[in-house]
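Report on the structure
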Amino acid sequence: MSLEDTELPRTEDEWRVRLTPEEFRVLREAGTERAFTGEYVDTKTQGVYHCRACGLELFSSDTKFDSHCGWPSFDDAIPGRVKEIEDRSLGMSRTEIRCARCDSHLGHVFRGEGFTANDTRHCVNSLSIRLEPR
């Protein structure tokens, strides 16, 4: 289910009604679920991962890999679907990733770790995405 831009909630109170409290904490307040607890950490099912808030297609299962970091990891996003924002919280510089349509928090992206040929790891909260199996 993908929402049209005109159907997206306009206020945080409207998002609160649409999302569970835990989804709201992660997606709208840039929270993080505990490592190794998310439903998609070890999933191998083929399909497409959508933004849990608005339904936008974000990642193909073909780009998912085992990084053993505790969160689902993807070495590439569908072009134009994920935006990057500098994150200086926690006293360090990281790159936050958000849904390009609804601006919901997905996780962070890391480069230069050598896990894949793309040398990129989109570290994503399971609560931020929903798998549509093939």
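Scroll up a little and you will see the structure.
Predicted, not measured: the structure shown is a model, and the values here were computed from it.

To continue, consider the pattern of salt bridges. Taken as a whole and assessed by the stated rule, the structure comprises 14 salt bridges. A salt bridge links arginine 52 to glutamate 39; the nearest nitrogen and oxygen atoms lie 2.8 Å apart. With arginine 52 in the loop between strand S1 (47–51) and strand S2 (57–60) and glutamate 39 in the loop between helix H2 (21–27) and S1, the pair connects residues that are 13 residues apart, well separated along the chain. Exposure remark for arginine 52: the relative accessible area of 12% places this residue in the buried category. With its nearest N and O atoms 2.8 Å apart, the salt bridge here joins aspartate 66 to lysine 44. In this pair, aspartate 66 is assigned in the loop between strand S3 (64–65) and strand S4 (73–74) and lysine 44 in the loop between H2 and S1, connecting sequence segments 22 residues apart. By relative accessible area, which is 39% here, aspartate 66 ends up partly exposed. Because the salt bridges share partners, they merge into one network encompassing Glu23, Glu39, Arg52 and Arg130.

So, about the pairing of strand S7 (residues 105–111). A large share of S7 lies buried, amounting to 5 of its 7 residues. Bridge count for strand S6 (residues 94–99) against S7 is 4 bridges, and the pairing is antiparallel. Its bridge partner lying in S7, threonine 95 is registered against valine 109. Taking the residues that link successive antiparallel strands as the turn, the S6-S7 hairpin has 5 residues, and the phi of aspartate 103 there is positive, at about 65°. Across 5 bridges, S7 lies against strand S8 (residues 120–124) in antiparallel orientation. Paired with histidine 108 across the two strands is cysteine 123, which belongs to S8.

In space, the 6 strands of this open sheet follow the order S3-S4-S8-S7-S6-S5, with antiparallel pairing throughout. Lying at the two open borders of the sheet, with one neighbouring strand each, are S3 and strand S5 (82–87). Relative to S4, S3 is paired through 2 bridges, and the arrangement is antiparallel. Within S4, the residue paired with phenylalanine 65 across the bridge is serine 73.

How each quantity is defined
Residues numbered from 1 in each chain as written. Predicted model: local features only at pLDDT ≥ 70, side-chain atom pairs only at ≥ 80, totals over all residues. Heavy atoms only, no water. Salt bridge = Lys/Arg side-chain N within 4 Å of Asp/Glu carboxyl O. Helix = DSSP H or I, 4+ residues; strand = E, 2+ residues; numbered from the N terminus. Buried < 20%, exposed > 50% of the residue type's maximum accessible area, 1.4 Å probe, protein only. Pairing = 2+ DSSP bridges.

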